[in-house]
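Each chain, letter by letter, is given below.
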Amino acid sequence: MRHRKLRAGLSVVALSLLAGTPAVAGAQGGDAGETARHCNFDARTGQQRCFGSVQEATADVRARSGVRAGEITQATLFDEKDFGGASFTVYGDGLCEKNDQVDYQINLPEDWQNRVSSVQPWGDCWIWLYPEPDLGGDRDGPFKENTGDVGELMNDRTRSVGLS
């Protein structure tokens, strides 16, 4: 199986400090005092940037995509059902190829593990959810369209994501 492996191993706080981005959400999320609940993950570099609102996160992707040709939104993960709560948007350099293989593999950063409840695929990608790093364990999917509830098998259990 050919796939690109992407790790988000550094903590969000460390990435935020290195990148000079706004404050980031805590490890558990959902806290009323948090300012950054919406994160963008660059699949090419592994860099994560977090913001206090969806609008700020979307503006960041739009501003950055004007600079980098070929930047495509590939998936958005949400920590609540029906696309609510915090979000984690993955963007990369292209569409998924529909070749029966995982095109992109992401190990979720620690603060996003075991949080995914709903998903939106983008960039012609299908989303596969896994309970272990490196696409390990029983997978669920593919989620080919906006899914407001990923179901009991993977709700709040996802640690890695495959995009195909």
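Scroll up for the structure.
To keep things clear, this report deals only with the structure shown in the data block. (Residues numbered from 1 in each chain as written. Predicted model: local features only at pLDDT ≥ 70, side-chain atom pairs only at ≥ 80, totals over all residues. Heavy atoms only, no water.)

Disulfide: a covalent bond formed between the sulfur atoms of two cysteine residues. Under the definition given, this model contains two disulfides. The disulfide partner of Cys39 is Cys50, and the S-S distance across this bridge is 2.1 Å. Across the S-S bond of Cys39 and Cys50 the torsion is about 105°, and the bridge reads as right-handed. Taken together, the residues Cys39 in strand β2 (residues 38-42) and Cys50 in strand β3 (residues 48-51) connect sequence positions 11 residues apart. Exposure class is identical for Cys39 and Cys50. Each is buried. The residue that forms a disulfide with Cys96 is Cys125, at a sulfur-sulfur distance of 2.0 Å. Given an S-S torsion of about 85°, the disulfide between Cys96 and Cys125 has right-handed geometry. Taken as a pair, Cys96 in the loop between β5 (84-92) and β6 (104-107) and Cys125 in the loop between β7 (118-121) and β8 (127-130) lie far apart in primary sequence, 29 residues in all. When its relative accessible area of 4% is taken as the criterion, Cys96 is described as buried. Along the protein chain, the cysteines engaged in disulfide bonds are linked according to the scheme 1-2, 3-4 when indexed in sequence order. (Disulfide = S-S within 2.5 Å. Helix = DSSP H or I, 4+ residues; strand = E, 2+ residues; numbered from the N terminus. Buried < 20%, exposed > 50% of the residue type's maximum accessible area, 1.4 Å probe, protein only.)

This paragraph deals with the sheet that holds β2. Spatial strand order, β3-β2-β5-β4-β7: five strands in an open sheet with mixed pairing. Where the open sheet ends on each side, the last strands, each with one partner, are β3 and β7. Strand-to-strand twist in this sheet, taken as the mean axis angle between neighbours without regard to direction, amounts to 15°. Judged from the five bridges that link them, β2 and β5 form a sheet pairing that is parallel. Residue pairing across strands places Asp42 opposite Tyr91, the latter belonging to β5. (Pairing = 2+ DSSP bridges. Axes fitted to C-alpha atoms, helices over the stretch in contact; angles between N-to-C directions.)

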